[in-house]
There are 4 protein chains.
Amino acid sequence: MTVRAAVAGASGYAGGEILRLLLQHPEAEIGALSANASAGQRLGEAQPHLLPLADRVLAPTTAEELAGHDVVFLALPHGQSAAVAEELGEGVLIVDCGADFRLVDPADWERFYGSPHAGTWPYGLPELPGARDALRGSTRVAVPGCYPTAVSLALFPAYAAGQAEPEAVITAASGTSGAGRGAKQRLLGSEVMGAMSPYGVGGGHRHTPEMIQNLSAVAGERVTVSFTPTLAPMPRGILATCSARARPGVTAAGLREAYDKALAGEPFARLLPEGQWPSTAAVLGSNAALIQVALDEAAGRIIAVSAIDNLTKGTAGGAVQSMNLALGLPEDLGLTTIGVAP
Amino acid sequence: MTVRAAVAGASGYAGGEILRLLLQHPEAEIGALSANASAGQRLGEAQPHLLPLADRVLAPTTAEELAGHDVVFLALPHGQSAAVAEELGEGVLIVDCGADFRLVDPADWERFYGSPHAGTWPYGLPELPGARDALRGSTRVAVPGCYPTAVSLALFPAYAAGQAEPEAVITAASGTSGAGRGAKQRLLGSEVMGAMSPYGVGGGHRHTPEMIQNLSAVAGERVTVSFTPTLAPMPRGILATCSARARPGVTAAGLREAYDKALAGEPFARLLPEGQWPSTAAVLGSNAALIQVALDEAAGRIIAVSAIDNLTKGTAGGAVQSMNLALGLPEDLGLTTIGVAP
Amino acid sequence: MTVRAAVAGASGYAGGEILRLLLQHPEAEIGALSANASAGQRLGEAQPHLLPLADRVLAPTTAEELAGHDVVFLALPHGQSAAVAEELGEGVLIVDCGADFRLVDPADWERFYGSPHAGTWPYGLPELPGARDALRGSTRVAVPGCYPTAVSLALFPAYAAGQAEPEAVITAASGTSGAGRGAKQRLLGSEVMGAMSPYGVGGGHRHTPEMIQNLSAVAGERVTVSFTPTLAPMPRGILATCSARARPGVTAAGLREAYDKALAGEPFARLLPEGQWPSTAAVLGSNAALIQVALDEAAGRIIAVSAIDNLTKGTAGGAVQSMNLALGLPEDLGLTTIGVAP
Amino acid sequence: MTVRAAVAGASGYAGGEILRLLLQHPEAEIGALSANASAGQRLGEAQPHLLPLADRVLAPTTAEELAGHDVVFLALPHGQSAAVAEELGEGVLIVDCGADFRLVDPADWERFYGSPHAGTWPYGLPELPGARDALRGSTRVAVPGCYPTAVSLALFPAYAAGQAEPEAVITAASGTSGAGRGAKQRLLGSEVMGAMSPYGVGGGHRHTPEMIQNLSAVAGERVTVSFTPTLAPMPRGILATCSARARPGVTAAGLREAYDKALAGEPFARLLPEGQWPSTAAVLGSNAALIQVALDEAAGRIIAVSAIDNLTKGTAGGAVQSMNLALGLPEDLGLTTIGVAP
């Protein structure tokens, strides 16, 4: 089975990572590559690491260019996906790496994004209860945000097992590629090297309602989330440190058992052996999510930590994993749990 | 007034930073410099950035070498300070950058350090209520740990004002110099660049009881602390993200007022203007602690963030600030709130 | 055809990279993994990025452990390969990532390494004239040094075409993994981040005779090499800036033609389009060598620049490429020109 | 003597560094601060590391704002200084950190900058023969480029002593702040971390004629320069690796003697002890230039290496050093040879 794939937004970081993975996917054939400002450019200029595609030329992002493929990956700014999807019609698999179709509650969408809600598509985090089945055969996929991927994988086992109180406190550190490729002074190398700084503090980050949605669904009750993202001096990677009060009676052994059970058989979400903690360095370019959990008995809290590559498992890898499910391919086809280190 | 200063442990990172600050202190005269394994070496080899001292030779760390100074800074491994202090006697100001004399409760010490408790000295964080007075004229100073400095400064205003529930949840990212200069594989540049990883998760970090001690004293009740340190890919800096449930009735304005009041007049601990968040990049080499606070109303939590240079305000700058107080000099003499950026 | 491979030195950086590539090689089956100090450890501790091998246990490096494979990769300290090779005998392909068998002239070896010369094996840089043929069917391969790989690929086309005077001046910047995984203070993250520094200046670096050997063979005359390596604040990558006086009559067009011709058809050594310069970022984890050349007409010099990943094309990728040739497999099997960026 | 100083371009990296140094200068009083796009902003937003100036507001860059000071520092884009200088008139010291008045030969200027030549001012590199005297009492200073500072200091002793052939080959690595603070995609943290890449290869960099001018003046004959700059993954620092054929009869001892003599008594340009090589890490925030030299006897070449902080000795520190000379103050007033490390 050959899957002909188009990528809209091929000059950005997410688009580049989708291409990197498709190039290594045994069934994918790379079709149209489109961009906005970079249209007309050789891909070798925008993505010099993708040598096999160096001579391909970026087309403008139009429905015409994207038509005629088996799957279209959208790596576009928020708010543009709905129109493209409508033009492409129902017969094609659309995997949207933007936020437009992630949230179920229109009020959440409007509060955080300030525009009318476009709808809700099957959510591309197969590890969550029920998500894998919803993705199988679907022609639409909403790829999760990078932070919600890291956070949901770290905490859902505790909520699924009823071991955590419904108030999560989360700090996550992200590499700079999570902020995109647009030229902004605050993202200059000179500014970010040597710097750790928070942003969107106090509940303002747009990924917060997505985390609440995921954890509440698993917990069966409303989970509040206090989320603080920080920018770390590295190109890629998210380290999410997630915490919640342990429910009475929770033990370290019981907690570990819950995680073992929730992650059993998962190809990419992995509980590390006791005593080993996740590092973003171990997942560079890999689709793995490394997870560890501890019970802080003195403080009465569960501490769950996950490390992912924000561009791989956090975006493009999650997208390809969902594509595989949607198309009936083996879920892990073309994806790897091998990172590039050191 | 000329202050003749000796530094024990001059070949390490803390010792080097003490020397950097003393070289810029108008009243300090640098006397004996001692080391263990590096004794006999030119300082130019161990600390090539301290050109004015390049030709000084490191002596072995003995009471004889350290005697005859007005102040002795100890930057030694844990457990060695008590013996040195006893040999030096009462007449000299001893500023201990190690942990030995920080904790009040011997049980805390023994649980986290596994050896008999040496005692408790005046605590070198002048910003805490009562601390400044205790340091004035003292001949002994216990310099705080770098994480407790960042965390206590971020949270004490909320506890002093009775606005936070006594359960703090803290994630802090530290530059690698906080782990010292000993050659360890996990601290190699190849391992840490591109890597965020946690350690001491679940309550095990030795700085935890020190945070509890500080916050509980301010709160007037036992504060539990769930503390997760992470290692960040930068040489210096701590970003502490600290959170606690807001007590009923706390408002954003009231919170800001509490911080304004608690930090009023402080030469180094500074509340940033609203909307500006601390970055470690802004405090490189500076003794400033930049602080910001927000109320996450949806989650009902206070989020306080601080940024310090772990070697300056977090160690050597705090040490010199305390020395100034102990000797009756202006508290900010020889210290600066100007960082080196970008 | 299944190739059963053993790796000696599997806990180091070169060994880890060999394993990363073998895991993605369609014909390789990973057999014995050995180490010295780390013997007995789970590979998951030493190489946490290689999840599929996490539960494998490191054996001690003995001929017994390494026997019974089709290929044995040696990633050992200098001077240990000869004894292992002798014990393994002639029937097995040995790919030595150490220096022991690279140099032809025993005097060069003795001057730079201070021990008796072990011999000379076919040299694993297939792009050099004649090298590819010598590797086909060989049971012994001497993998080039990382700097000689970068430098030889950048300059050999100019020497092959008789366009450069026989005095090369080279500065190369290497990521820290090139210095190995041994715990040394000067390689600590705190020391190397923010630091560029030279070492082995003035002709002392052990890779110098290897460069001279390669370039002289191509030029048909003795080429002197003035080589200055520098350590750069990044985990991986070499950028080699190589220069030589242009011979009379050399033109920019003629130079480009020479490079085009010398690199035509090469799967991994690639001349970039005019105006595009190599970056180490584009080859992270890739076996590509990106090359560009310019004629500085005012100075009368050829400037050739190459970028490689020191662990991939510079070590393990070159090793696998040579293994493929030795075993009669397609030269690029299991290798890629796709980097991980940003 | 109080020196009232204005800074035009205070929101950029050079302007910020000038302010950092002036804040620590005992005779300087900081007057007008101007900017272009950032006019109207609080300095605390643009330069959050300069706490003592946080509440100052940036004025637009006009002659009116800059009038009435003892010294005006210009940190403006090329081509704007002449007009400002004319408006300010002769009575005020103008220290221009731009390129406009560095080059003596109008043809050089026009070839590299493409606009009419504005003139030539005394050159702010006091270490060069004759330069110090020309700066004393001058009311105009052309601050050297950062690369020419590093390169000229590394090589002038060899040329002054007639020991080097007049063909210099230079590779230099610069931190990203050297490329300025304008938001450009290629300077994003995501692009530069982990990346070494060259630019302006083949003689095209605008600093080349300035190096030729400096070295030729010292050598008393035309020196050709082949200069390749590279961008390194660090915010600050230049490491210049400079090389030239040794003239017949030059010995290692004679070379060292020449450097010793040329740099004797210099407050900031320092020859390191034998065996110690410069690192950019040792000069962060310092005005020192660390220099070392070796004779590569096998290749017959002199290798001289220097490390500076591009923003300090390479720009703002050199500017303040020259201001001191111009105003008759001690040359090293307010400047330091102490770096911030690690």
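Bear in mind that the values here come from a model prediction, so they are computed numbers and not experimental data.

Student: When you look at the overall build of chain A in this model, what are you seeing that I'm missing?
Tutor: When helices and strands are counted, chain A shows eleven helices and 13 strands. Its C-alpha atoms give chain A principal-axis dimensions of about 60 × 45 × 40 Å. Summed over its atoms, the accessible surface of chain A is roughly 10,500 Å², and 50% of this surface lies on carbon and sulfur atoms. Between the mean site of the 22 positive side-chain charges and the mean site of the 32 negative ones, chain A shows a separation of 4 Å.

Student: Any chance you could explain the UniProt feature "active site" (unreviewed entry) in chain A here in plain terms?
Tutor: All names here are of chain A. UniProt marks Cys146 with the feature "active site" (unreviewed entry), using the numbering shown here. Locating cysteine 146 in the fold gives a position in helix H7 (residues 146-160). Overall, the relative accessible area of 12% leaves cysteine 146 in the buried class. Among residues more than four places away in sequence, those in contact with cysteine 146 are His207, Ile238, Ile308, Asn310, Gly314 and Thr315.

Student: What exactly am I supposed to notice about the packing of helix H7 (residues 146-160) of chain C against helix H9 (residues 208-219) of chain C here?
Tutor: What describes two packed helices is the angle between their axes and the distance between those same axes. Residues and elements named next belong to chain C. Two elements in contact, H7 and H9, have axes separated by 9 Å at closest approach and are oriented at 20°. Classified by the angle their axes make, H7 and H9 are roughly parallel. Here the hand of the crossing between H7 and H9 comes out right-handed. On the side of H7, the interface is formed by Tyr147, Pro148, Val151, Ser152, Leu155, Phe156, Tyr159 and Ala160, while H9 contributes Glu210, Met211, Asn214, Leu215, Val218 and Ala219. Looking at side-chain class alone, the contact of H7 with H9 contains eleven nonpolar, two polar and one charged residues.

Student: Any chance you could explain the interface of chain C and chain D here in plain terms?
Tutor: Tallying the contact residues gives 42 residues for chain C and 42 residues for chain D. Between chain C and chain D, the buried area comes to about 3,000 Å², and carbon and sulfur atoms account for 65% of it. Taken as a group, Met196(C), Pro198(C) and Val201(C) account for 17% of the area that chain C buries against chain D, more than any other trio of residues on that side. At the surface where chain C touches chain D, the tally comes to two salt bridges. The salt bridge partner of Glu167(D) is Arg245(C), with a shortest N-O separation of 2.5 Å. At the boundary of chain C with chain D, the tally comes to six residue pairs in polar contact (both at pLDDT 80 or more). Within the residue set of the side of chain C that touches chain D, elements represented by two or more residues are strand E7 (167-174), helix H8 (189-192), strand E8 (197-198), strand E9 (224-231), strand E10 (238-245), strand E12 (289-296) and strand E13 (301-308) of chain C. Among the elements that line the side of chain C that touches chain D, the one with the most residues is E9(C), at six residues. Residues of the side of chain C that touches chain D, tallied by class, amount to 22 nonpolar, 14 polar and six charged.

Student: What am I meant to see in the UniProt feature "domain: Semialdehyde dehydrogenase NAD-binding" (unreviewed entry) in chain A here?
Tutor: With numbering matched to this structure, UniProt assigns "domain: Semialdehyde dehydrogenase NAD-binding" (unreviewed entry) to residues 4-136 of chain A. Annotation note: span residues 4-136 of chain A, helix share 30%, strand share 17%, distance between end C-alpha atoms 18 Å.

Student: Quick question: what am I supposed to make of the sheet that holds E9(C) here?
Tutor: Within a beta sheet, neighbouring strands are joined by backbone hydrogen bonds and run either parallel or antiparallel to one another. All names here are of chain C. Read from one edge of the open sheet, seven strands run E8-E9-E7-E10-E13-E12-E11, paired in mixed fashion. Edge strands, defined here as strands with exactly one partner in the open sheet, are E8 and strand E11 (269-271). Sheet topology note: the E12/E13 ladder contains seven bridges and is antiparallel. Bridge assignment links leucine 295 to a residue of E13, and that residue is isoleucine 302. In the packing of H7 onto the sheet, contacts are made with E7, E9, E10, E11, E12 and E13, and the angle to E13 comes to roughly 140°. Along the sheet, helix H10 (residues 252-263) makes contact with E11, E12 and E13, crossing E12 at roughly 160°.

Student: I'm lost on the environment of Thr241(B) in this one. Help?
Tutor: Along the chain, the position of Thr241(B) falls in strand E10 (residues 238-246). Thr241(B) sits 193 residues away from Pro48(B) along the chain, and the two C-alpha atoms are 34 Å apart.

Student: I tried to follow the sheet that holds strand E12 (residues 289-296) of chain B on my own but got confused; where do I start?
Tutor: Residues and elements named next belong to chain B. Pairing is mixed in the open sheet, where seven strands are placed in the order E8-E9-E7-E10-E13-E12-E11. Each end of this open sheet is capped by a strand with a single partner; those strands are strand E8 (197-198) and strand E11 (269-271). Contacts from helix H7 (residues 146-160) reach strand E7 (164-174), strand E9 (224-231), E10, E11, E12 and strand E13 (301-308), with the element oriented near 145° to E7. With respect to the sheet, helix H9 (residues 208-219) is in contact with E7 and E9, its orientation differing from that of E9 by roughly 135°.

Student: I'm lost on H7(A) in this one. Help?
Tutor: Residues spaced three or four apart along an α-helix face the same direction, because each turn holds 3.6 residues. Residue and element names in this part refer to chain A. The end-to-end C-alpha distance of H7, which contains 15 residues, comes to 21 Å, matching closely the 21 Å that a straight helix rising 1.5 Å per residue would cover. The buried fraction of H7 is high, at 14 of 15 residues. One or two positions beyond H7, positive phi appears at glycine 162, with a value near 65°.

Student: Got a minute to help me understand the side chain of Arg20(A) in this structure?
Tutor: By the element assignment, Arg20(A) lies in helix H1 (residues 13-23). A distance of 3.0 Å separates a polar atom in the side chain of Arg20(A) from the backbone oxygen of Gly285(A). Those residues in contact with Arg20(A) that sit more than four places away from it in its chain are Leu50(A), Arg236(A), Gly285(A), Thr312(A), Ile338(C), Gly339(C) and Val340(C).

Student: Would you mind showing me how to read the pairing of strand E1 (residues 3-8) of chain C here?
Tutor: On any regular strand, side chains alternate: one points to one face of the sheet, the next to the other face. Residues and elements named next belong to chain C. Counting buried residues in E1 gives five out of six residues, a clear majority hidden from the surface. When E1 meets strand E2 (residues 28-35), the two strands line up parallel, connected through five bridges. For alanine 5, the partnering residue across the bridge sits in E2 and is isoleucine 30. Of the crossover connections in this fold, the one passing from E1 over helix H1 (residues 13-23) to the parallel E2 is right-handed. Here E1 pairs with strand E4 (residues 71-74) via four bridges, running parallel.

The rules behind these values
Residues numbered from 1 in each chain as written. Chains lettered and ligands numbered in written order. Predicted model: local features only at pLDDT ≥ 70, side-chain atom pairs only at ≥ 80, totals over all residues. Heavy atoms only, no water. Helix = DSSP H or I, 4+ residues; strand = E, 2+ residues; numbered from the N terminus. Areas by Shrake-Rupley, 256 points an atom, 1.4 Å probe, with all protein chains shown as cover. Lys, Arg positive; Asp, Glu negative; His and termini not counted. Charge placed at Lys NZ, Arg CZ, Asp CG, Glu CD. UniProt positions renumbered as here; feature names shortened; annotations may be inferred. Buried < 20%, exposed > 50% of the residue type's maximum accessible area, 1.4 Å probe, protein only. Contact = heavy atoms within 4.5 Å. Axes fitted to C-alpha atoms, helices over the stretch in contact; angles between N-to-C directions. Parallel < 35°, antiparallel > 145°, perpendicular 65-115°, else oblique. Left-handed = near helix turned anticlockwise from the far one by under 90°. Nonpolar A, V, L, I, M, F, W, Y, C, P; charged D, E, K, R; others polar. Buried area = accessible area lost by both parts, 1.4 Å probe. Salt bridge = Lys/Arg side-chain N within 4 Å of Asp/Glu carboxyl O. Polar contact = N/O pair within 3.5 Å; in protein donor to acceptor, adjacent residues only side chain to side chain. Pairing = 2+ DSSP bridges. Expected span 1.5 Å × (residues − 1). Right-handed = clockwise from strand over helix to strand, strands pointing away.

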